[in-house]
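So the chains spell out like this:
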Amino acid sequence: MDFLNWPFFEDHHRKLAAGLESWCVAQLGHVDHDDVDASCKKLVRQLGEGGWLNYTVDQGRGIDTRAICLLRETLARHDGLADFAFAMQGLGSGAISLVGAPEQRARYLPKVAAGEWLAAFALSEPEAGSDVAAMRCAATAEGDGYVLNGEKTWISNGGIADFYVVFARSGEAPGSRGISAFVVDADTPGFEIAERIDVVAAHPLARLRFSNCRISAAQRLGNAGEGFKLAMRTLDIFRTSVAAAALGFARRAQAEALAHAKSRAMFGATLSSLPLAQAKLAEMACDVDSAALLVYRAAWARDQGRTVTKEAAMAKLVATEGAQRVVDAAVQMFGGRGVRRGEIVESLYREVRALRIYEGASEVQQLIIGRELLK
Ligand SMILES: Cc1cc2nc3c(=O)[nH]c(=O)nc-3n(C[C@H](O)[C@H](O)[C@H](O)COP(=O)(O)OP(=O)(O)OC[C@H]3O[C@@H](n4cnc5c(N)ncnc54)[C@H](O)[C@@H]3O)c2cc1C
């Protein structure tokens, strides 16, 4: 935990990280990854009771990016689903924190922070992932509200969320300027779960369908036509935290690999005595530290009120790509045990993969960095 002495942090951050570490050891226990719906609901309740979800919503002072990153890094190091449950409360309610009207904030944010309601963020569509502005899901103004028609896919917490922040084409202008955001309660008539999606590391995930789903104008978040900007602002907050989660996975893999290398007897000594193994451990350490430096630089800069488009993209690119390398190297060091179900490095290998794809694939981060450099 030496990195906590870096100048990016304040004392309350150091206390927070130590507090969550103790909480994880004492309270988290074994997380069942076979029944992810039940586990996520339980985790959200536990995290709410522990007070940790207070950091996922704006309670008047904005969002403390360094706190969010430290919490995600710590949770990911202990359990990927615990990190996921925490992260989705923030991502799913982020637009309400940013632009919610007082009634919207009062209705949703306390329940999110208490772990009583689960949140989801519905942006991607079958034909619009990286190319968000190609979205087709329509919000047609009718009477004193809107009618939603279309689909969203890959939606985390889909099927178990109590509400969904949905981005849909409201038609004020072509392309990205004709999109608005809405908060849709899960029991709204016309809304349904079209399909549950099974992925390499199980998480609650679904394709959503809206069929003449009527919502009142009071469910719109922010101004009409400004939904795309709002989605990007929400992702800007949480992009650095995806990098922090990757860092947590990498740190766990590094720790597992180090312990294994020191204890595995081989060629009359231990794996750790072999120069090639030491070189691998050195590469892992460089990947971990370079990710950590970029994550906490971006988080610190955002907390200073700076725009961190480039810094957050660099953190996400380097941390997720680096975590993949670190986890892969750890699996390799474990030999056959590395691919055996039930081994920590085997589950990390499955957990880490999607982070290079969601909230902007690595190629999208490269484009963002390139564009910012050329400005
Ligand atoms: C586990 C998981 C959870 C998710 N949770 C959510 C969620 O909660 N809410 C939500 O809205 N979405 C969510 N997503 C969707 C995610 O954001 C999209 O999968 C992602 O944006 C990529 O979109 P796509 O899958 O349509 O791939 P595509 O857009 O078809 O892209 C495919 C690949 O093309 C490459 N690529 C992209 N752009 C470029 C480029 N400019 N140049 C070169 N190559 C490029 C990348 O390698 C990319 O992976 C989730 C996805 C996963 C896997």
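For the structure, check the block above.
This report concerns the structure included in the present document. (Residues numbered from 1 in each chain as written. Predicted model: local features only at pLDDT ≥ 70, side-chain atom pairs only at ≥ 80, totals over all residues. Heavy atoms only, no water.)

## Focus: the overall build of the protein
Inference 1: Scanning the protein from N- to C-terminus turns up 10 helices and 10 strands.
Inference 2: Taken over the C-alpha trace, the protein has a radius of gyration of 21 Å; the compact-globule value for 375 residues is 21 Å, and the two agree within 12%.
Inference 3: Referenced to the eigenvectors of the C-alpha coordinate spread, the extents of the protein come out at roughly 80 × 45 × 35 Å.
Inference 4: Split into buried and exposed, the 375 residues of the protein put 53% on the buried side.
Inference 5: Residue pairs at least 24 apart in sequence account for 73% of intrachain contacts in the protein once pairs closer than 6 positions are excluded.
Inference 6: Accessible area for the protein stands at about 16400 Å²; split by element, carbon and sulfur atoms hold 52% of it.
Inference 7: Separation between the mean location of the 43 positive side-chain charges and that of the 45 negative ones in the protein comes to 3 Å. (Helix = DSSP H or I, 4+ residues; strand = E, 2+ residues; numbered from the N terminus. Rg over C-alpha atoms; globule rule 2.2 N^0.38 Å. Buried < 20%, exposed > 50% of the residue type's maximum accessible area, 1.4 Å probe, protein only. Contact = heavy atoms within 4.5 Å. Areas by Shrake-Rupley, 256 points an atom, 1.4 Å probe, with all protein chains shown as cover. Lys, Arg positive; Asp, Glu negative; His and termini not counted. Charge placed at Lys NZ, Arg CZ, Asp CG, Glu CD.)

## Comments concerning the pairing of strand β3 (residues 145–156)
Inference 1: With 5 bridges joining them, strand β2 (residues 138–142) and β3 adopt antiparallel strand pairing. Looking at β3, one finds that Ala-141 is bridged to Tyr-146.
Inference 2: From the end of β2 to the start of β3, which pair antiparallel, there are 2 residues, and Gly-143 there has a positive phi angle of about 60°.
Inference 3: As defined by bridge partners, β3 adjoins strand β7 (residues 205–216) across 9 bridges and the pair is classed as antiparallel. By the bridge assignment, Gly-150 is partnered in β7 with Phe-210. (Pairing = 2+ DSSP bridges.)

## Describing the pattern of salt bridges
Inference 1: Taken as a whole and assessed by the stated rule, the structure comprises 25 salt bridges.
Inference 2: Ionic pairing is found between Asp-11 and Arg-14, a salt bridge with its closest N-O pair at 2.9 Å. With a gap of 3 residues between them, Asp-11 and Arg-14 both fall in helix α1 (residues 11–28), about one helical turn apart.
Inference 3: Judged by relative accessible area, Arg-14 falls into the partly exposed class, the value being 22%.
Inference 4: With its nearest N and O atoms 3.8 Å apart, the salt bridge here joins Lys-111 to Glu-116.
Inference 5: In this structure, a network of salt bridges that share partners links the residues Glu-151, Glu-192, Glu-195, Arg-207 and Arg-209. (Salt bridge = Lys/Arg side-chain N within 4 Å of Asp/Glu carboxyl O.)

## Remarks on the packing of α1 against helix α3 (residues 65–78)
Inference 1: Relative to each other, α1 and α3 sit at 30°, their axes nearing to 10 Å. In terms of their interaxial angle, α1 and α3 are classed as roughly parallel. Regarding α1 and α3, the two cross each other, and that crossing is right-handed. Of α3, the residues touching α1 (which contributes His-13, Leu-16, Ala-17, Leu-20, Glu-21, Cys-24, Val-25 and Leu-28) are Arg-66, Ala-67, Leu-70, Leu-71, Thr-74, Leu-75, Arg-77 and His-78.
Inference 2: Within the contact of α1 with α3, the residues separate by chemical class into 10 nonpolar, 3 polar and 3 charged. (Axes fitted to C-alpha atoms, helices over the stretch in contact; angles between N-to-C directions. Parallel < 35°, antiparallel > 145°, perpendicular 65-115°, else oblique. Left-handed = near helix turned anticlockwise from the far one by under 90°. Nonpolar A, V, L, I, M, F, W, Y, C, P; charged D, E, K, R; others polar.)

## Notes on unusual backbone geometry
Inference 1: One non-glycine residue, Trp-154, lies in the positive phi region at around 60°.
Inference 2: In this structure, Phe-267 takes a positive phi of about 50° despite not being glycine.
Inference 3: Secondary-structure assignment places Phe-267 in the loop between β9 (265–266) and β10 (269–270).

## Concerning the pairing of β7
Inference 1: As paired elements, strand β6 (residues 191–196) and β7 share 5 bridges and run antiparallel to each other. Looking across to β7, one finds that Arg-196 is bridged to Ala-206.

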